[in-house]
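Coordinates in review
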Amino acid sequence: MSEYLNCGTHGKQPATFVCRHIFDSMKTGDAVGFYWSKTNGDYDAICEDCNELSDQDWDAQKADLVNLLCLGCFKVAANLNDVEIEGAA
Ligand SMILES: [Zn+2]
Ligand SMILES: [Zn+2]
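Residues numbered from 1 in each chain as written. Chains lettered and ligands numbered in written order. Predicted model: local features only at pLDDT ≥ 70, side-chain atom pairs only at ≥ 80, totals over all residues. Heavy atoms only, no water.

1. Some thoughts on the coordination of the zinc ion (ligand 2)
Around a metal, the ideal angle is 109.5 degrees if four donors adopt a tetrahedral arrangement and 90 or 180 degrees if six donors adopt an octahedral arrangement. What counts is decided by this rule: Note that water is not among the atoms considered, so a metal site may appear incomplete; the donors listed are N, O and S atoms within 2.8 Å of the metal, with 3.2 Å applied to Na, K and Ca. In this scheme the shape depends on donor count and angles: four donors with every angle between 85 and 135 degrees give tetrahedral, four or six donors with opposite pairs above 155 degrees and others between 65 and 115 give square planar or octahedral in turn, and any other case is irregular. The way it works is that DSSP assigns letters per residue, a run of H or I at least four long becomes a helix, a run of E at least two long becomes a strand, and they are numbered from the N terminus.
Around the zinc ion (ligand 2), the protein contributes the donor atoms Cys-7 (SG), His-10 (ND1), Cys-70 (SG) and Cys-73 (SG), at 2.0 to 2.3 Å from the metal centre. Here the zinc ion (ligand 2) binds four donor atoms, and the angle range of 103 to 115 degrees at the metal identifies the geometry as tetrahedral. Taken in sequence order, the residues that donate to the zinc ion (ligand 2) follow the motif C-x2-H-x59-C-x2-C. Separated by 63 residues along the polypeptide, His-10 in the loop between strand S1 (4-7) and strand S2 (11-19) and Cys-73 in helix H4 (residues 71-80) bring together distant segments of the chain.

Right, here's the structure in full:
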């Protein structure tokens, strides 16, 4: 099952994994693309640039790129990019 984190805005929420560019876009309000998936109950999302990385490049960089975001913030970031998250309670 997912791990949880305490968000200053949304309270206790499941943790999701997003790339740093999406994480930063929460502050800037810029749409950077939002390619999300749900694996074993965990949500993750990457931006347009990261989506174009090869698997090899992504694997090499992901330790630097991946940030934790609460599921509430995940949905805010999705909305910023006009993306609907289906099945997220
Ligand atoms: Zn990215
Ligand atoms: Zn949040």
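2. Comments concerning the confidence of the model for the chain
This is how it is decided: pLDDT: the predictor's confidence for each residue, scored from 0 to 100.
For the chain, mean pLDDT is 93; residues scoring 70 or higher make up 94% of the total. Within the chain, strand S3 (residues 35-39) has the poorest average pLDDT of any element, 94, and helix H2 (residues 48-51) the best, 97.

3. Here we look at unusual backbone geometry
Note: most residues except glycine have negative phi, and most peptide bonds are trans. Rules: Categorising residues by exposure relies on relative accessible area from a 1.4 Å probe, with only protein chains included: less than 20% of the type maximum marks a residue as buried, more than 50% marks it as exposed, and the intermediate range marks it as partly exposed.
The backbone of Asn-40 sits at a positive phi, close to 50 degrees, despite the residue not being glycine. Take Asn-40: it is sitting in the loop between S3 and strand S4 (42-46). Its relative accessible area of 73% is what places Asn-40 among the exposed residues.

4. A look at the side chain of Asn-81
Going by this rule: In what follows, a contact means two residues having at least one pair of non-hydrogen atoms within 4.5 Å.
Within the secondary structure, Asn-81 sits in the segment after H4. Discounting residues that sit within four places of it in the chain, Asn-81 has contacts with Ala-31, Val-32, Gly-33 and Phe-34.

5. Details of the coordination of the zinc ion (ligand 1)
Listed as protein donors to the zinc ion (ligand 1) are Cys-19 (SG), His-21 (ND1), Cys-47 (SG) and Cys-50 (SG); their distances from the metal cover 2.0 to 2.4 Å. Viewed at the metal, the four donor atoms of the zinc ion (ligand 1) are separated by angles of 102 to 112 degrees, and the geometry they form is tetrahedral. Sequence spacing of the donors to the zinc ion (ligand 1): C-x1-H-x25-C-x2-C. With Cys-19 in strand S2 and Cys-47 in the loop between S4 and H2, this pair connects stretches of sequence that are 28 residues apart. In this pair, the class of Cys-19 matches that of Cys-47, namely buried.

6. A word on the environment of Trp-58
Topologically, Trp-58 is positioned in helix H3 (residues 55-65). On the basis of relative accessibility, which here comes to 18%, the residue Trp-58 falls in the buried class. Among all residues touching Trp-58, those that are not within four sequence positions of it are Cys-19, Ile-46, Cys-50, Leu-53, Leu-65 and Val-66.

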